Structures are given as C-alpha cells and as structure tokens.
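# Working through the structure, step by step
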Amino acid sequence: MKEEFQEQTNQQQNEQQTSGAEARVAELEAQLEQARKEATENWNKYLRERAEWDNFRKRQERQLETRVLAHKKSLFHKLLDVMDNVERALMYQESMDKQNLQQTLRMFHWQMNEILRGEGLNPVPTVGEPFNPYMHEAIEAVESADKPEGTILEETRKGYTLGEETLRPAHVKVSVPLGKNGNNGAN
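So, here is what we can say about the structure in this document. If you're wondering where the values come from, they're calculated on a predicted model, not measured in any experiment. (Residues numbered from 1 in each chain as written. Predicted model: local features only at pLDDT ≥ 70, side-chain atom pairs only at ≥ 80, totals over all residues. Heavy atoms only, no water.)

## Digging into the overall build of the chain
The condition that has to hold: Runs of H or I in DSSP of at least four residues are treated as helices and runs of E of at least two as strands, each being numbered from the N terminus. Here the term buried applies to any residue with accessible area under 20% of the maximum for its type, exposed to any over 50%, and partly exposed to those in between, with areas from a 1.4 Å probe on protein chains only. What makes two residues a contact is simply this: any of their non-hydrogen atoms within 4.5 Å. Methods summary: accessible areas were calculated by the Shrake-Rupley approach with a probe of 1.4 Å, and residue burial reflects only the protein chains presented.
When you go through the chain residue by residue, the secondary structure sums to two helices and six strands. Reading the chain from its N terminus to its C terminus gives the helix and strand order α-α-β-β-β-β-β-β. Within the chain, buried positions represent 13% of all 187 residues. Sequence-distant contacts in the chain: of pairs separated by 6 or more residues, those separated by 24 or more amount to 61%. Accessible surface computed for the chain: about 15,200 Å², of which carbon and sulfur atoms make up 53%.

Structure follows, in structure tokens:
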C-alpha cells in the first residue's frame, strides 16, 4: 500500500509537472505568437514610413524642379525683351549714324545690367580697391610709385558676384613697388 500510495503520489507529481510544463509551453507559444504579430506590425509600419518618406522626397524634388523652371522662364522672358531690341536695332542699323548706334548700345548694356542686377548678379569692385584673391585674378603686376602695393590699377575683364559668392573673378592689373616686377632691379 505504501508503494501504491508512493506510486500515486509520483504519478500525480508527474501529471502536475507535465501539466505545468504544458501550461508553460502554451504560455511561451502565446508569447511567441504575440511577438510575431508585433514584429509583423512593426515591419508594416516601417514599410509605410519608408514609402511616405520616398513620396515626400519625390514631392520635394518635383517642387524644386518646378521652382527652377519658373525662375528660368522669368529670366528668359526678360532676356528675350533685350533680344527683341537688338533685332530691331539691327533692322535699322543702316539708317543710324555713329552717335545713334552708340546710344543704342549703351541702352542694351544698361538693360542687360538691370536684368542681371535684378537676378542678384553684381560687378566686382576693382580700380582703386585692394587686391582680393577671392574676387580678383591678377593678370599683370605693374610697377607704381604713386599707388600702394596690391592696389588694382586696371580692370581687363569684369568680375561678378552672385550673392556672397564670386561667380567670376575680375581680371586685373595690380601695383607693385618699383623694382619688383620680375627683373629684380637689374636693367
């Protein structure tokens, strides 16, 4: 009897352990299923967010292209007005005297400068200014006793800035002290 009681107790313990293990396995399977469900939801959220980001980026690119195109159109309309004036002047060039032709050229020059200035393009200051390697390109050093070293004496090609950036440096001739123009004082 003792053995039967012992056997029943062992059997009950085994059943409890088995049912406890089965309960633990069922609990772990439920947690695993929940984790898989959350992973799937997170993956879907990630895919949606990525698609939204790609759409946003494409939309921004399209808007930028549209703005650039609109700006180009506006600039070309202004330039076409100048071209129309040039064509009209060419049609009447035979009947113009030298003074009228010069006046017409000055008008074209003024009109182009106004358009460029309106777009933010400004000439680089040169003659009488100190040489600035970020805005000027020295093409010749000229000996000068009356100007300080590094002063711009002459401009050979205009330079321009667009905002704060140098679009094209000005070609200039720069003063150097007498005897420093590459001959080292030897004549």
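On we go.
## What about the nonpolar core?
Test applied: We define the nonpolar core as a collection of buried residues of types Ala, Val, Leu, Ile, Met, Phe, Trp, Tyr and Cys that are connected through side-chain atoms lying within 4.5 Å of one another.
Residues Val124, Ile152, Ala170, Val172 and Val174 constitute the largest nonpolar core, which totals five residues. When residues of this core are assigned to their parent elements, the largest contribution, three residues, is made by strand β6 (residues 170-176).

## Details of the sheet that holds strand β5 (residues 165-168)
Filter applied, for reference: At least two bridges found by DSSP between two strands is the condition for calling them paired. Every axis corresponds to a line fitted to the C-alpha atoms, with the helix fit spanning only the stretch in contact, and the corresponding angles, defined between N-to-C directions, vary from 0 to 180 degrees.
Strands sit in the order β1-β4-β5 across an open sheet of three strands; the sheet is antiparallel. Only two strands of the sheet have a single neighbouring strand rather than two, namely β1 (121-123) and β5. Across the sheet, the mean angle from the axis of one strand to that of its neighbour is 40 degrees, orientation sign disregarded. As paired elements, β1 and strand β4 (residues 160-162) share three bridges and run antiparallel to each other. Paired with Asn122 across the two strands is Thr161, which belongs to β4.

## So, the environment of His171
Examined against the element boundaries, His171 turns out to sit in strand β6. With a relative accessible area of 19%, His171 lands in the buried category. Residues His171 and Glu155 lie 16 residues apart in sequence; the distance between their C-alpha atoms is 6.0 Å. With sequence-adjacent residues up to four places away left out, His171 is seen in contact with Glu137, Ile139, Glu154, Glu155, Thr156 and Arg157.

## Considerations on helix α2 (residues 98-118)
The cut-off we apply is this: Helix span, expected: 1.5 Å multiplied by one less than the number of residues in the helix. The arc in question is the one traced by the directions running from the helix axis out to the C-beta atoms.
Its 21 residues give α2 an end-to-end C-alpha distance of 30 Å, which sits within 8% of 30 Å, the value for a rise of 1.5 Å per residue. Within the span of α2, buried status applies to Thr104, Phe108, Gln111 and Ile115. One side of α2 carries all its buried residues, which in axial view fall inside an arc of 65 degrees. Facing away from the buried side of α2, by more than 90 degrees, are the exposed residues Lys98, Gln99, Leu105 and Trp110. Backbone geometry just downstream of α2 places Gly120 in the positive-phi region, at approximately 95 degrees.

## Comments concerning the sheet that holds β6
With mixed pairing, the three strands of this open sheet are ordered in space as β2-β6-β3. Only two strands of the sheet have a single partner each, and these edge strands are β2 (136-143) and β3 (152-157). Ignoring which end each strand starts from, the neighbouring axes of this sheet average 30 degrees apart. By the bridge criterion, seven bridges tie β2 to β6 in an arrangement that is parallel. Within β6, the position partnered with Glu140 by the bridge is Lys173.

## Observations concerning a nonpolar patch on the surface
Worth spelling out the cut-off: Only residues whose relative accessible area exceeds 30% and that form no salt bridge are eligible for patches; like-charged ones are grouped when within 9 Å, while nonpolar side chains (Val, Leu, Ile, Met, Phe, Trp, Tyr) are grouped when within 5 Å. Whenever Lys or Arg places a side-chain nitrogen within 4 Å of a carboxyl oxygen from Asp or Glu, that contact is recorded as a salt bridge.
The grouping of Trp43, Tyr46 and Leu47 at the surface amounts to a nonpolar patch, some 320 Å² of accessible area in total. Tracing the chain through its elements places Leu47 in helix α1 (residues 2-91). On the basis of relative accessibility, which here comes to 39%, the residue Leu47 falls in the partly exposed class.

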